[in-house]
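# Analysis of the macromolecular model
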Amino acid sequence: MTSAGATDPARVARIGFAGTPEFARVALAALVDAGFEIPLVLTQPDRPAGRGMKLQHSPVKQAALELGLAVAQPRSLRLDGRFPDDAAAAREALREARLDVLVVAAYGLILPPWVLELPARGCLNIHASLLPRWRGAAPIQRAIEAGDAQTGITIMQMDAGLDTGAMLLRAALPIGADANTAHLHDELAALGGTLIVQALRELDRLVPTPQPETGATYASKIGKAEGAIDWAQPAALIERRVRAFDPFPGCSFTLGGELIKLWRARPVQGRGAPGQVLPAGEGRLVVACGDGALDLMELQRTGGRRVATRDFLRGHPIAAGQMLGPAGGPALQPN
């Protein structure tokens, strides 16, 4: 997956783009800044969001409109699916765009074979992991949760499988001991933008490398229920999940029937019943886990803001021996 020389820009001049969230918006901006012509952008339909649940553009649509790019928002690309008219209109738009390459980044819709075969030089995906590790929907979160030392970006030729296509470029990025998904996402988004521009400029010189099956793992989508803290788990795992699930869905526990979000913690020495508050210095909240203990450092009440634990405890003192409960359930009772 090395490269030498550069492709004639005219040969990959017309780039389609399919993406939806902020991660994809960064890549779209990088392509525009690099001078590629983008005749069509695909993104997910507007969704209700916020307190008023008003329809909102995706970050990619907002950027495309500001840049004056044509946008299509099919609900599906399957010609035999629930929205065949959407798919047919998208197919016509893609045909008219006469694409050399379709770049895909966190689009959110499965590309059927007709889409993969339509661009003259195929479809390239910007994937936020070092494939074949963490194929799937949540590679950033799963890498942090698993305690991986590094992650990265893979530029991949798309095929009919789930993130199984041949690799063109890979670049690694270390995962810091205190990295959370929000920060790592931004670093990977910037790296993805840089790498896709490089891949398109050097496309003729890149050698597609099939992915090995050895080491392949699947990064399943994050569900809200995963944020419920199980104090019987090891402190190190809970701490990694706190970072992995920041900003979504967040990790939480119950205190006196109230749901509390935990945004920052660190494993420490300590023993006790899982969920039991252990004696600690003033302004600290240390909780026993299945293995070790966790020093809770940043908390948030429902409807409030994130605050340091010291500030939280000023208004809500918690005595040693008290039991914190799992999210979705009552507080545990001490033995």
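For the structure, check the block above.
Quantities reported herein were computed from a predicted structural model and do not represent experimental measurements.

## Description of the pattern of salt bridges
Opposite charge on two side chains makes pairing possible when the charged atoms of those side chains draw close. In this structure the tally under the stated criterion is 17 salt bridges. Among the salt bridges present, the one from Glu 239 reaches Arg 243, with a minimum N-O distance of 2.7 Å. One end of the pair is Glu 239 and the other is Arg 243, both in helix H7 (residues 235–244) and four residues apart, which spans about a single turn. On the accessibility criterion, Arg 243 (12% relative accessible area) is buried. A salt bridge links Arg 284 to Asp 295, with the nearest nitrogen and oxygen atoms 3.0 Å apart. With Arg 284 in the loop between strand S14 (277–278) and strand S15 (285–288) and Asp 295 in strand S16 (residues 293–301), this residue pair connects regions lying 11 residues apart in the sequence.

## Topic: empty space enclosed by the protein
By the definition in use, this model includes one cavity of 30 Å³ or more. Estimated volume of the largest cavity: approximately 50 Å³. When its residues are assigned to classes, the lining of the largest cavity shows four nonpolar, two polar and three charged.

## Structural notes on the sheet that holds strand S9 (residues 150–157)
Ordered in space as S5-S2-S1-S6-S7-S9-S10, the seven strands form an open sheet in which the pairing is mixed. Pairing within the sheet leaves two strands with one partner each, and these edge strands are strand S5 (71–72) and strand S10 (167–174). Pairing of strand S2 (residues 41–42) with S5, which is carried by two bridges, proceeds in the parallel orientation. Bridged to Val 41 within S5 is Val 71.

## Structural notes on the packing of helix H5 (residues 139–146) against H7
Packed helix pairs are specified by the crossing angle of their axes together with the interaxial distance, meaning the distance between the axes. Contact geometry for H5 and H7: axes closest at 8 Å, N-to-C directions at 160 degrees. By the angle class used here, H5 and H7 are roughly antiparallel. In the packing of H5 onto H7, the handedness of the crossing is right-handed. Between H5 and H7, the contacting residues are Gln 141, Ile 144, Glu 145 and Ala 146 on the first element and Leu 237, Arg 240, Arg 241, Arg 243 and Ala 244 on the second. Broken down by class, the residue content of the contact of H5 with H7 amounts to four nonpolar, one polar and four charged.

Conventions used here
Residues numbered from 1 in each chain as written. Predicted model: local features only at pLDDT ≥ 70, side-chain atom pairs only at ≥ 80, totals over all residues. Heavy atoms only, no water. Salt bridge = Lys/Arg side-chain N within 4 Å of Asp/Glu carboxyl O. Helix = DSSP H or I, 4+ residues; strand = E, 2+ residues; numbered from the N terminus. Buried < 20%, exposed > 50% of the residue type's maximum accessible area, 1.4 Å probe, protein only. 1 Å grid on protein atoms, 1.4 Å probe; cavity = no way out; pocket = protein on both sides within 12 Å on 5 of 7 lines; lining within 4 Å. Points joined across faces, edges and corners; volume = space filled by probe spheres on them. Nonpolar A, V, L, I, M, F, W, Y, C, P; charged D, E, K, R; others polar. Pairing = 2+ DSSP bridges. Axes fitted to C-alpha atoms, helices over the stretch in contact; angles between N-to-C directions. Parallel < 35°, antiparallel > 145°, perpendicular 65-115°, else oblique. Left-handed = near helix turned anticlockwise from the far one by under 90°. Contact = heavy atoms within 4.5 Å.

Shape is all these values report; function is a separate question.
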